[in-house]
Amino acid sequence: MTKTTFLLCFITLLASSSALPSVSKHHKVGFYELKKGHISVNLTNWGATIVSLHLPDRHGKLDDVVLGYDSIDTYKNDTNYFGALVGRVANRIGGAKFTLNGHTYKLVANEKKNILHGGKVGFSDVAWKVKSYQNKGLAPHIVFTYHSRDGEQGFPGDVLVTATYTLFGHGKLAVIMTAKALNKPTPVNLAQHTYWNLGGHTSGDILSNDIQIFGSQITPVDDELIPTGKIQSVKGTPFDFLKPHPVGTKIKELPKGYDINYVLDGVPEGKELKRVAVVYDKKSGRSMDLSTNKPGVQFYTGNNIKDIKGKGGFVYQSHAALCLETQAFPDSVNHPNFPSTIISPEEPYKHVMLFKFSTKDRPNFSSV
């Protein structure tokens, strides 16, 4: 058994163990810190959200590398999904409807005629229960749970959702999202929507960050960012990050910036973790290496951020951070050629993300 496999088995046990005490019988909203060595993560159970993540640079100076807010009330009014866990179905569903087992479900549209990140009141807009919280020891962790009711935002069936955040030594942060359909088949596609700026959240834009994305294809979209159903090679396009280069190299060739789903290369979904991307900030020396068990990742460069007052009163602007949202493909419920997002009482959902943070002069880019 590899070290990574052991860690993930351990985290899954944390999330599923009924022996773990519940620290709260109510859905009181608050902030929670996880700390391991020089790394600390702050979260809130409002939207199961990552609020901050402090990392040392090559000189040992700590910076917060996550965009966010100082107060819970600001998170409740946020429209950018800063740090949140989004669902029941992340990303977009065209026409805010889908058909399952002969029945057409009409959902609550919140982006023109489409639905984005679960609707007007998605998983990012509710208080989650804190099932377990331990901020010291071998693996500081927190486990959030949420019971999504039949009919929420138009989706069928009751779903029990769990999000587990765990810090390990050597700069590792694991996120495991699980969902169990309690009575009906239903689509589920969860995503962790943190905005990353490895130079620090007050350092300006991320256009000079080097990035390598291990996806040789994308799912192209129409003018409303709904997938066409095609799968297209990135070669010869601005979407080609198979070899690492700065985010901003070809960003001006796009209308606003990057907001596209990559089809990840490597092993089939669920078999084992595959690398998603490596991001490197040359000035600080910080790098982030992400792996997942899901088939896609949405690469988003904060195109819609404008004059957003964040932590400490700092004002965020366009391209102030980037998102790497591992996921199933957007609008999968309306494209039979895409991997299915339908779960059932017999087939639960499990989504793993493993972040590895480090500080070095040369990150672990692949020679692909």
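Each residue is numbered by its place in its chain's sequence as written, counting from 1. Residue-level local features of this predicted model are given only where pLDDT is at least 70; pairs of side-chain atoms are given and counted only at 80 or more, and the full residue set underlies all totals for whole chains, interfaces and linings. Only hydrogens and water are set aside when side-chain values are computed; all heavy atoms of the structure are taken into account.

We now examine the sheet that holds strand 18 (residues 232-233). Between any two strands, pairing holds if DSSP finds at least two bridges. Helix and strand labels come from DSSP, where a helix needs a run of H or I of at least four residues and a strand needs a run of E of at least two; each type is numbered from the N terminus. Judged by pairing direction, the sheet is antiparallel, and its five strands sit side by side in the order 18-17-20-23-26 without closing on themselves. Strand pairing shows two members of the sheet lacking a second neighbour, strand 18 and strand 26 (323-327), which therefore form its edges. As paired elements, strand 17 (residues 217-218) and strand 20 (residues 259-263) share two bridges and run antiparallel to each other. Directly across from glutamine 217, in strand 20, lies its bridge partner valine 263.

It is worth spelling out the environment of proline 227 at this point. Inspection of the secondary structure puts proline 227 in the loop between strand 17 and strand 18. Only protein chains enter the accessibility calculation, which uses a 1.4 Å probe. A residue is then buried if its area is under 20% of the maximum for its type, exposed if over 50%, and partly exposed in between. A residue is classified by how much of its surface remains accessible, and proline 227, at 5% relative accessible area, is buried. Proline 227 has contacts with Pro220, Val221, Pro330, Asp331, His335 and Phe338, leaving out every residue within four places of it along the chain. Residue contacts follow a heavy-atom distance rule, with two residues in contact if any of their heavy atoms lie within 4.5 Å.

UniProt positions are given in the numbering used here, feature names are shortened, and annotations may be inferred rather than shown by experiment. UniProt records the feature "active site" (unreviewed entry) at His193 and Glu325, using the numbering of this structure. Over a stretch of 133 residues, the named residues converge on one spot in the fold, their C-alpha atoms separated by at most 5.9 Å. Lining the second largest pocket, from the set of annotated residues above, are His193 and Glu325. Locating histidine 193 in the fold gives a position in strand 15 (residues 191-193). Apart from the residues within four sequence positions on either side, histidine 193 is in contact with Asn80, Tyr81, Phe82, Gly83, Ala84, Val86, His117, Tyr300, Cys323 and Glu325. Position of glutamate 325 relative to the elements: it lies in strand 26. According to the relative accessible area criterion, glutamate 325 is buried, its value standing at 3%. In this structure glutamate 325 touches His117, Ala191, Gln192, His193, Gly296, Val297, Gln298 and Tyr300, once residues within four positions along its chain are discounted. By the criterion applied in these results, polar contacts are pairs of N or O atoms within 3.5 Å in which, for protein atoms, one can donate a hydrogen and the other can accept it, and in which residues neighboring in sequence qualify only through two side-chain atoms. Side chain to side chain, glutamate 325 and histidine 193 meet in a polar contact 3.4 Å long. Each cavity reported here is a set of points on a 1 Å grid over the protein atoms alone in which a 1.4 Å probe fits but cannot get out, each pocket an open set with protein on both sides within 12 Å along at least five of seven lines, and each lining residue one with an atom within 4 Å of a point.

A few words now on the side chain of threonine 194. Take threonine 194: it is sitting in the loop between strand 15 and strand 16 (210-213). With a relative accessible area of 1%, threonine 194 lands in the buried category. Among the polar contacts made by the side chain of threonine 194, one reaches the side chain of glutamine 192 at a distance of 2.6 Å. Once residues within four sequence positions are removed from consideration, threonine 194 is found in contact with Ile50, Val66, Gly83, Leu322 and Cys323.

A few words on the sheet that holds strand 10 (residues 129-134). Here nine strands make up an open sheet; going across it, the order is 10-11-12-13-28-22-21-16-19 and the pairing antiparallel. With one partner strand each, in any of the chains shown, strand 10 and strand 19 (245-246) form the two edges of the open sheet. In terms of strand pairing, strand 21 (residues 274-280) meets strand 22 (residues 286-292) through six bridges, oriented antiparallel. Note on strand 22: the bridge partner recorded for lysine 274 is threonine 292.

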